[in-house]
Amino acid sequence: MTICISSGHGLHVAGARSIIDEVTEARRVTDRMSELIRQTGVNVITFHENEARNARDNVNNIINFHNEQTRDLDVSVHFNAVDGVRDAGIGVETCYRRGNAEMKDIASRASKAISDASGLILRRGDGTMTRSDLGFLSRTNINRAILLEVCFVNSRTDVRLYQEHFEEICKAIAEAITGRSMVKPKVNLTPIMGKPVATSAQMRAYINRINPSVLETIPDLTELFISEGNTEGVRGDIAFAQSCLETGNFMFIGGTAVTLSQNNFSGMGVTSLGVEGNSFPTPQIGIRAQIHHLKAYACTTPNVNPNESPRAHFVQRGVAPYVEWLGAQENPHGRGWAAGAGYGKKILRILNAIIDTEAAVTVITPKLDEAIKNLVYYGVINSPDYWRQHAFDIKFLDRLLIILSGAKFNRTVLTNITTPEEAIDRIAAAGLINSPDYWKERYGNLEWLGQLLINVASRLEW
Ligand SMILES: [Zn+2]
């Protein structure tokens, strides 16, 4: 569908002038409603007459322009006036060609929409008027024309309502004459930035079912995705799903030259099949590089850790805030992590499978549940559900919670402890744990574990 819209009168041919000027306002309405109509996906041709020096030439130029277009509807935008400035509202009306019932219907809808959107009254009851004396209605040659008289330029009430509701009026006309809604259909896109939905335990259960050997080689693998992601505000579960796709579930088969020992879990630098790509000194740095690279695509916020992605400078920052846009073919800017079709969808399919995975080991025993409740009682934690959900995110964490909950506590802070390292040393000195290094390496893998350790250590009775 194509609509041809012109403003009434011309640059050198005045229309009605009173509190406001008809030509100026008709052009504003024409331009804005054209923009809005385009947003509905309907084609619009817009015209303002700028040449004529008299009314006859002006009308002829406008009609000729319309008649030269291939279009389905002609619209002319005017404002009306009667003599003298007055306070009372006069209202909106839309004119149509005598005898054209379909145009009467569109005219009626347009006036009603303007009235509903602004409070302008419907002139003559239904806001429509048939005219046989207007060239625009009788000489445009598709016999499908309406002429809007948005309001009266000499009515203070009309002008106030028009000015207060300009945007709503333009939107209302756009919707009424296209029959389409201005509200864009809601598309569900998946932001890359945010908190993970899948837990580390679910990710571990997922990959264990497909390729258990990877967790024997890199026991912290899934925790690193979550912790590195949380540090940068990137969803670590999305990065992990991407890695499952890029590495063939960390099996590195299917013709890739990348190996597990390169710690490159995202195909970084593999610009064509058989290329070895980038290598990283540790799994943690490899995952951090991937997280940094995803963040470069997803937003313009600076990194927390120094950048590890050797290819970040190739990325136009913030060009793909959604997983769906990581593939260049789906990206509105034509940019993205991968060139192949449906890249984001493939990642999401894996992510959804991970989210649906029962984390087999997350059985909350009565003993663990009791421990979590105890820790709440002593003020060490305040969100038992969080700890029930994450008690298995780090190996032995469930046991740690049980051990800590059995310690002798005070409900108020006894010792001022500020760092998790200090807290771990104190908990070890109290004889509760015997592997402080294990927890110093891992507390950062779970968002609130460091704080829990500080809370425990500062309340321990000594
Ligand atoms: Zn006019």
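What counts and how
Residues numbered from 1 in each chain as written. Predicted model: local features only at pLDDT ≥ 70, side-chain atom pairs only at ≥ 80, totals over all residues. Helix = DSSP H or I, 4+ residues; strand = E, 2+ residues; numbered from the N terminus. Rg over C-alpha atoms; globule rule 2.2 N^0.38 Å. Buried ≥ 20, exposed ≤ 12 C-beta atoms within 10 Å, placed from the backbone. Contact = placed C-beta atoms within 7 Å. Expected span 1.5 Å × (residues − 1). Domains from an automatic or database assignment. Pairing = 2+ DSSP bridges. Axes fitted to C-alpha atoms, helices over the stretch in contact; angles between N-to-C directions. Right-handed = clockwise from strand over helix to strand, strands pointing away. Core = buried A, V, L, I, M, F, W, Y, C linked by C-beta atoms within 7 Å. Parallel < 35°, antiparallel > 145°, perpendicular 65-115°, else oblique. Left-handed = near helix turned anticlockwise from the far one by under 90°. Nonpolar A, V, L, I, M, F, W, Y, C, P; charged D, E, K, R; others polar.

Remarks on the overall build of the protein
Here is step 1 of the chain: Counting secondary structure elements, the protein contains 18 helices and six strands.
Here is step 2 of the chain: For 462 residues, the compact-globule estimate of 2.2 N^0.38 gives 23 Å, and the protein exceeds it by more than 25% at 34 Å.
Here is step 3 of the chain: Projected onto the principal axes, the alpha-carbon positions of the protein cover approximately 100 × 60 × 35 Å.
Here is step 4 of the chain: Each of the 462 residues in the protein was classed as buried or not, and the buried ones make up 44%.
Here is step 5 of the chain: Sequence-distant contacts, at least 24 apart, represent 64% of the contacts inside the protein between residues at least 6 apart.

Some details on helix H9 (residues 221-232)
Here is step 1 of the chain: Helix length check: H9, at 12 residues, gives a terminal C-alpha distance of 17 Å against a target of 16 Å (1.5 Å per residue), a fit within 8%.
Here is step 2 of the chain: Extensive coverage of H9 is indicated by the burial of 10 of its 12 residues.
Here is step 3 of the chain: If you check which residues of H9 are buried, you get Leu221, Thr222, Glu223, Leu224, Phe225, Ile226, Ser227, Glu228, Gly229 and Glu232.

Here we look at the domain arrangement of the protein
When the parts of a complex come together, some accessible area is lost, and that lost area is often taken as the interface size.
Here is step 1 of the chain: Domain parsing of the protein yields domain 1 (2-178), domain 2 (200-355) and domain 3 (366-459).
Here is step 2 of the chain: Centre-to-centre separation of domain 1 and domain 2, based on C-alpha positions: 55 Å.

So, helix H11 (residues 283-298)
Here is step 1 of the chain: With 16 residues, H11 extends 22 Å from end C-alpha to end C-alpha; this agrees with the ideal 22 Å at 1.5 Å per step.
Here is step 2 of the chain: The buried count for H11 comes to 14 of 16 residues, which makes it a mostly enclosed element.

Details of unusual backbone geometry
Here is step 1 of the chain: A positive phi angle, close to 55°, is found at asparagine 249, a residue other than glycine.
Here is step 2 of the chain: Position of asparagine 249 relative to the elements: it lies in the loop between helix H10 (236-247) and H11.
Here is step 3 of the chain: Although it is not a glycine, phenylalanine 252 sits at a positive phi angle of roughly 50°.

Notes on the sheet that holds strand E2 (residues 43-49)
Here is step 1 of the chain: Strands sit in the order E2-E1-E3-E6-E4-E5 across an open sheet of six strands; the sheet is mixed. Two strands bound the open sheet, and with one partner strand each, they are E2 and strand E5 (128-131). Averaged over neighbouring strand pairs, the angle between their axes works out to 25° when direction is ignored.
Here is step 2 of the chain: Two elements, strand E4 (residues 93-97) and strand E6 (residues 145-152), share four bridges in a ladder whose sense is antiparallel. Following the sheet pairing, threonine 94 is matched in E6 by leucine 148.
Here is step 3 of the chain: The sheet strands contacting helix H1 (residues 22-39) are strand E1 (2-10), E2, strand E3 (73-80) and E6, and the helix crosses E1 at an angle near 170°.
Here is step 4 of the chain: Strands in contact with helix H2 (residues 55-68) are E1, E2 and E3; relative to E1, the strand with the most contacts, it is inclined by about 170°.

Overview of the pairing of E2
Regular strands show a simple pattern: their side chains alternate between the two faces of the sheet.
Here is step 1 of the chain: Pairing of E1 with E2 involves six bridges; the strand directions are parallel. By the bridge assignment, serine 6 is partnered in E2 with phenylalanine 47.
Here is step 2 of the chain: In the classification by handedness, the crossover that spans E1, the intervening H1 and the parallel E2 is right-handed.

With respect to the nonpolar core
Here is step 1 of the chain: Judged by nonpolar contacts, the single largest core of 66 residues is most densely connected at Tyr297, Leu326, Leu401, Ala423, Leu453, Val456 and Ala457.
Here is step 2 of the chain: Looking at this core, you find at least three residues from each of domain 2 (200-355) and domain 3 (366-459).
Here is step 3 of the chain: Once residues within four sequence positions are removed from consideration, leucine 453 is found in contact with Pro420, Ala423, Ile424, Ile427 and Tyr443.
Here is step 4 of the chain: In this structure, Val29, Met33, Cys95 and Cys170 belong to the second largest nonpolar core, which totals 51 residues.

Points about the environment of glycine 286
Here is step 1 of the chain: Its location among the elements puts glycine 286 in helix H11.
Here is step 2 of the chain: Measuring from C-alpha to C-alpha, the distance between glycine 286 and leucine 147 comes to 65 Å, with 139 residues separating the pair along the chain.
Here is step 3 of the chain: Excluding residues within four positions of it along the chain, glycine 286 makes contact with Asn263, Asn264, Phe265 and Phe280.

Structural notes on the packing of H10 against helix H12 (residues 343-355)
Here is step 1 of the chain: At a minimum axis distance of 8 Å, the contact between H10 and H12 shows a crossing angle of 115°. Overall, the two elements H10 and H12 adopt an arrangement that is roughly perpendicular. Like other packed secondary-structure pairs, H10 and H12 cross with a definite hand, here right-handed. Contact residues: Asp237, Ile238, Ala241, Gln242, Cys244 and Leu245 in H10; Lys346, Ile347, Ile350, Leu351 and Ile354 in H12.

Description of the packing of H1 against helix H6 (residues 166-178)
A pair of packed helices is characterised by two quantities: the angle between their axes and the separation of those axes.
Here is step 1 of the chain: Put simply, H1 and H6 touch, their axes get as near as 8 Å, and they point 55° apart. Judged by the angle between their axes, H1 and H6 are oblique. Classified by chirality, the crossing of H6 by H1 is right-handed. In contact with Val29, Arg32, Met33, Leu36 and Ile37 of H1, H6 contributes Cys170, Lys171, Ile173, Ala174 and Thr178.
Here is step 2 of the chain: Across the contact of H1 with H6, the residue classes tally to seven nonpolar, one polar and two charged.

Digging into the environment of aspartate 158
Here is step 1 of the chain: Turning to its location among the elements, aspartate 158 is positioned in helix H5 (residues 156-164).
Here is step 2 of the chain: For aspartate 158, the residues in contact, after removing those within four places along its chain, are Gly89, Ile90, Gly91, Leu120, Cys151 and Phe152.

Here we look at the environment of asparagine 143
Here is step 1 of the chain: Mapped onto the fold, asparagine 143 is located in the loop between helix H4 (135-139) and E6.
Here is step 2 of the chain: By the C-beta count within 10 Å, which is 13 here, asparagine 143 ends up partly exposed.
Here is step 3 of the chain: Remark: the alpha-carbon pair of asparagine 143 and phenylalanine 240, spanning 97 residues in sequence, is separated by 61 Å.
Here is step 4 of the chain: Residues in contact with asparagine 143, not counting those within four places in the same chain, are Arg97 and Asn100.

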